Amino acid sequence: MLKNIKLTKHVKTMAILASFLIVFTGMAKAYDVSATTVRINDNNNSYSVKTNAETVEELLSEEEVSLNELDTINVENSDTIKNNMEIVIKRAFYVNVIIDDKEPIKIKTNYDTVGKIISDLRKEHGAEYILESGSSSSKPEPNMQIKVNSVKEVSETKKENIPFETVVVENDKLEVGKERVSVEGVNGQTETEIKTVYVGGKVSSITEGEPVVVKKAVNKVIEKGTKKPEPVVPAVKTNRGKFEILRELSMKATAYTETGNRTASGMKAAVGVVAVDPKVIPLGSKLYIEGYGYAVAGDTGGAIKNNRIDLFFNTERECVNYGVKNNVKVYVLGDQM
């Protein structure tokens, strides 16, 4: 029994010593002369704290200060705590951006100028934006309304034809009155760049460049003949060849045969020798007689006057068969062709 009483007293003594030690330690901590003074500026809410934390991360954890998306701090979490250190926290906030008068877009930001917000908007959308009013250097405020207009440039190409011209040239190898197309006409083409600038979805300006010839026109070429036609030389084809016709006569033709007399020209009477009036057809003239053929004016006769011609045949029967013919075409021939 005595032993238990002694043990109980011992336990009580130890408990008292332990309590004293805890209190003493807490007091020592509370009044630790080595504690560091740090000033925290949390979004312009500034206050000072004393801490034994070794790093910024430990201090923020002690003070239950947390950082959200886009919040910034002027030091690193791993930085060592120093006396009179100032930790500045800048909190992000929302602004309302209105593009082309459409529904506002909420954008969270921590930028110090409106221009930086617009710059990010350009990168995100891959488009150009300009501030509708105010200055891009102005400072954004929470729930601020920022109006911007999109800027879009559209280029198009206008194509136009260049009409070809018709050119007439003289050709001395082509007969008068004749024409021919030596080159077909082809239209050319120009291209003009037109740039239209839209601001806020509305046309702001239209710029038209200078026309550029991308295809030259080819003129149509018509050749006009200047060559005078060669005079047509009347000719006739005989059994002796082709001869030029000097004169054409319409005559009365009769027939005769061998009489035993010499001809007026001294030629022997034979088929192809005919009697003529030398006043109409000179002796020795080459002739072509329709229905008779090639002949030579080699004889005369008392009854052969004016437009009468007497044709030689070998027999009387042939002469009778031929008879008398009116309006027989007789051609006085020139050179052989």
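My aim in this report is to walk through the structure given alongside it, one point at a time. For every chain, the first residue of the written sequence is number 1, and numbering continues from 1 along that sequence. Per-residue local features of the predicted model are confined to residues with pLDDT of at least 70, and side-chain atom pairs are confined, for both listing and counting, to 80 or more; whole-chain, interface and lining totals are unaffected and use all residues. With hydrogens and water excluded, all non-hydrogen atoms of the structure serve as input to the side-chain values.

1. Some words on the sheet that holds strand β10 (residues 179-183)
The pairing criterion for strands is at least two bridges between them, as found by DSSP. Each helix corresponds to a stretch of at least 4 residues labelled H or I by DSSP, and each strand to a stretch of at least 2 residues labelled E; elements are numbered beginning at the N terminus. Here we have three strands laid out as an open sheet, ordered β9-β14-β10, and mixed in their pairing. On the outer flanks of this sheet lie β9 (166-175) and β10, each paired with one strand and no other. Geometrically, the sheet is characterised by an average inter-axis angle of 35° between neighbouring strands, direction not taken into account. Strand direction decides the pairing type here: β9 and strand β14 (residues 220-227), joined by seven bridges, are parallel. Bridging across to β14, Val167 finds its partner in Val221. Lines fitted to the C-alpha atoms define the axes, with helices restricted to the stretch that makes contact. Angles between their N-to-C directions range from 0 to 180 degrees.

2. A look at helix α3 (residues 114-125)
A rise of 1.5 Å per residue sets the reference length of α3, with its 12 residues, at 16 Å; its end C-alpha atoms lie 17 Å apart and thus fit the reference within 8%. Whether two residues are in contact is decided by their heavy atoms: any pair within 4.5 Å suffices. Looking at the buried side of α3, the elements it contacts are β5 (93-99), β6 (105-109), β7 (128-131) and β8 (145-162). At the exit of α3 stands Gly126, carrying a positive phi of roughly 60°. Under the convention used throughout, the expected extent of a helix is 1.5 Å for every residue step, that is, one less than its residue count.

3. Re the pairing of strand β15 (residues 235-238)
To sort residues, take the accessible area from a 1.4 Å probe on protein chains only and compare it with the maximum for the residue type: under 20% means buried, over 50% means exposed, and anything in between is partly exposed. On β15, burial follows the alternation: Val236 and Thr238 on one face are buried, whereas Ala235 and Lys237 on the facing-out side are not. When β15 meets strand β16 (residues 241-256), the two strands line up antiparallel, connected through four bridges. Within the sheet, the bridge partner assigned to Ala235 lies in β16 and is Glu244.

4. Structural notes on unusual backbone geometry
Despite not being glycine, Asn44 has its phi angle at roughly 75°, a positive value. You can see Asn44 is positioned in the loop between β1 (36-42) and β2 (45-51). In this structure Asn44 comes out as exposed when scored by relative accessible area, which is 73%. The backbone phi angle of Leu70 is positive, close to 75°, even though this residue is not glycine. By secondary structure assignment, the location of Leu70 is in the loop between α2 (56-62) and β3 (72-73). Owing to a relative accessible area of 38%, Leu70 belongs among the partly exposed residues under this scheme.

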